[in-house]
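Chain residues, written in single-letter form:
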Amino acid sequence: MWVFILGDLIIFAAYFVIYLIYRSRQPGLFLESQQHLSINFGVVNTLALLASSWFVARSVIMARTGDPARAMRLTVYGGMCGVVFMAIKAVEWSAKIGQGLTFPSNDFFMFYYLLTGVHLFHVALGLIFLEVNYFELRNPRLRRMSMVETGAMYWHLVDLLWIVIFTLVYVMR
């Protein structure tokens, strides 16, 4: 998992560097295009993912202390926050597409959809990992802490990536 996480970090770091290069070449376009995004959507999504990380971290602690029922419940809460993130992103994308702001609109929206879309894929994959964690915790014969911790590590990567995306795309002016 560490190799996968490091690989993902390298790929996203490349995306971020390329985004910043394009942004430096077209600051007016990026600033004007950013004005079409809702900071509120970004903030709520950030809070949803931060809450999900907290639930998943608490789940690992509960699993380590021998409380699998509570760990399962916290894993579900973490996953629900991930689903909320995806629903908010779907609403946000629908609004942008309805306004005619699509992938080919300009370089900013190309990066917006690329970064948030690839991240959305990672959230979906993370939800699968959380589901695996849930079933690991549910079955005493399968309860392997290494699996629970691995799924949690990936989920925290997803949250870390979102914080950088949120900062670059929504906040940085």
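See above for the structure.
Residues numbered from 1 in each chain as written. Predicted model: local features only at pLDDT ≥ 70, side-chain atom pairs only at ≥ 80, totals over all residues. Heavy atoms only, no water.

*Asks:* It is not clear to me how the overall build of the protein chain should be interpreted in this structure. Could you clarify?
*Replies:* Tallying secondary structure elements over the protein chain gives 6 helices and 0 strands in all. Going from N to C terminus, the protein chain has its helices and strands arranged as α-α-α-α-α-α. Principal-axis analysis of the C-alpha atoms gives the protein chain an extent of 55 × 30 × 20 Å. Within the protein chain, buried positions represent 40% of all 173 residues. Relative to all contacts within the protein chain whose residues are 6 or more apart in sequence, the contacts with residues 24 or more apart total 79%. With the model as given, the accessible surface of the protein chain reaches about 8,700 Å², and the carbon-plus-sulfur share is 71%. Where the 13 positive side-chain charges of the protein chain centre and where its 9 negative ones centre are 6 Å apart. (Helix = DSSP H or I, 4+ residues; strand = E, 2+ residues; numbered from the N terminus. Buried < 20%, exposed > 50% of the residue type's maximum accessible area, 1.4 Å probe, protein only. Contact = heavy atoms within 4.5 Å. Areas by Shrake-Rupley, 256 points an atom, 1.4 Å probe, with all protein chains shown as cover. Lys, Arg positive; Asp, Glu negative; His and termini not counted. Charge placed at Lys NZ, Arg CZ, Asp CG, Glu CD.)

*Asks:* Please clarify how the packing of helix α5 (residues 107–138) against helix α6 (residues 145–171) should be interpreted in this entry.
*Replies:* Packing of α5 against α6 brings their axes to within 9 Å, and their N-to-C directions diverge by 160 degrees. The angle between α5 and α6 places the two elements in the roughly antiparallel class. Like other packed secondary-structure pairs, α5 and α6 cross with a definite hand, here left-handed. Residues of the contact of α5 with α6, tallied by class, amount to 21 nonpolar, 6 polar and 1 charged. (Axes fitted to C-alpha atoms, helices over the stretch in contact; angles between N-to-C directions. Parallel < 35°, antiparallel > 145°, perpendicular 65-115°, else oblique. Left-handed = near helix turned anticlockwise from the far one by under 90°. Nonpolar A, V, L, I, M, F, W, Y, C, P; charged D, E, K, R; others polar.)

*Asks:* How do you make sense of the pattern of salt bridges when you look at a structure like this?
*Replies:* It is possible for side chains bearing opposite charge to pair when their charged atoms get close. Enumeration over the complete set of coordinates arrives at 3 salt bridges. For E149, the salt bridge identified is with R64, shortest N-O distance 2.9 Å. Of the two residues, E149 is situated in helix α6 and R64 in helix α3 (residues 39–64); the sequence distance between them amounts to 85 residues. (Salt bridge = Lys/Arg side-chain N within 4 Å of Asp/Glu carboxyl O.)

*Asks:* For this particular structure, what's the right way to read the nonpolar core?
*Replies:* One broad rule of soluble globular proteins: the nonpolar side chains tend to lie buried together. Counting residues in hydrophobic clusters, the biggest one holds 42 residues, and the most contacted among them are Y19, F108, Y112 and V169. Of all the secondary-structure elements, those providing two or more residues to this core are α1 (2–25), α3, α4 (68–98), α5 and α6. Those residues within four positions of F108 in sequence are excluded, and the remaining contacts are Y19, F30, S33, Q34, L37 and V169. (Core = buried A, V, L, I, M, F, W, Y, C linked by side-chain atoms within 4.5 Å.)

*Asks:* I tried to follow α1 on my own but got confused; where do I start?
*Replies:* Every α-helix carries 3.6 residues per turn, so stepping three or four residues along brings you back to the same face. The terminal C-alpha atoms of α1, which comprises 24 residues, lie 35 Å apart, in line with the 34 Å expected from a rise of 1.5 Å per residue. Within the sequence span of α1, burial applies to I5, D8, F12, F16, Y19 and R23. (Expected span 1.5 Å × (residues − 1).)

*Asks:* Help me understand the environment of S59, please; the structure alone is not making it clear to me.
*Replies:* Along the chain, the position of S59 falls in helix α3. Judged by its relative accessible area of 2%, S59 is buried. Taking the C-alpha atoms as reference, S59 lies 9.5 Å from Y77; in sequence the two are 18 residues apart. When neighbours within four sequence positions are excluded, S59 is seen to be in contact with A71, L74, T75 and L137. Polar side-chain contacts of S59 include one of 2.9 Å to the backbone oxygen of A71. (Polar contact = N/O pair within 3.5 Å; in protein donor to acceptor, adjacent residues only side chain to side chain.)

*Asks:* When you look at the packing of α4 against α5 in this model, what are you seeing that I'm missing?
*Replies:* Any two packed helices are characterised by how steeply their axes cross, that is the angle between the axes, and by the distance between the axes. Between α4 and α5, the least distance of the axes is 10 Å, while the angle of their chain directions is 160 degrees. When the axes of α4 and α5 are compared, the pair comes out roughly antiparallel. Note on packing geometry: the crossing formed by α4 with α5 is left-handed. Considered class by class, the residues forming the contact of α4 with α5 number 19 nonpolar, 8 polar and 4 charged.

*Asks:* Teacher, can you tell me more about the packing of aromatic side chains here?
*Replies:* Two measures describe an aromatic ring pair: the distance that separates the ring centres and the angle between the ring planes. Summed over all chains, the structure comprises 20 aromatic pairs. Centroid distance F12 to Y15: 5.5 Å. Interplanar angle 85 degrees. Geometry classified as edge-to-face. On the criterion of helical spacing, the pair formed by F12 and Y15 is a turn pair, its members being 3 residues apart in helix α1. For Y15, a relative accessible area of 24% gives the class partly exposed. When the ring of W54 is compared with that of F55, the centres are 5.4 Å apart and the planes differ by 65 degrees; the resulting orientation is edge-to-face. One aromatic cluster in this structure is built from Y19, Y22, F30, W93, F108, F109, F111, Y112 and Y113. (Phe/Tyr/Trp six-rings, centres within 6.5 Å; stacked < 30°, edge-to-face > 60°.)

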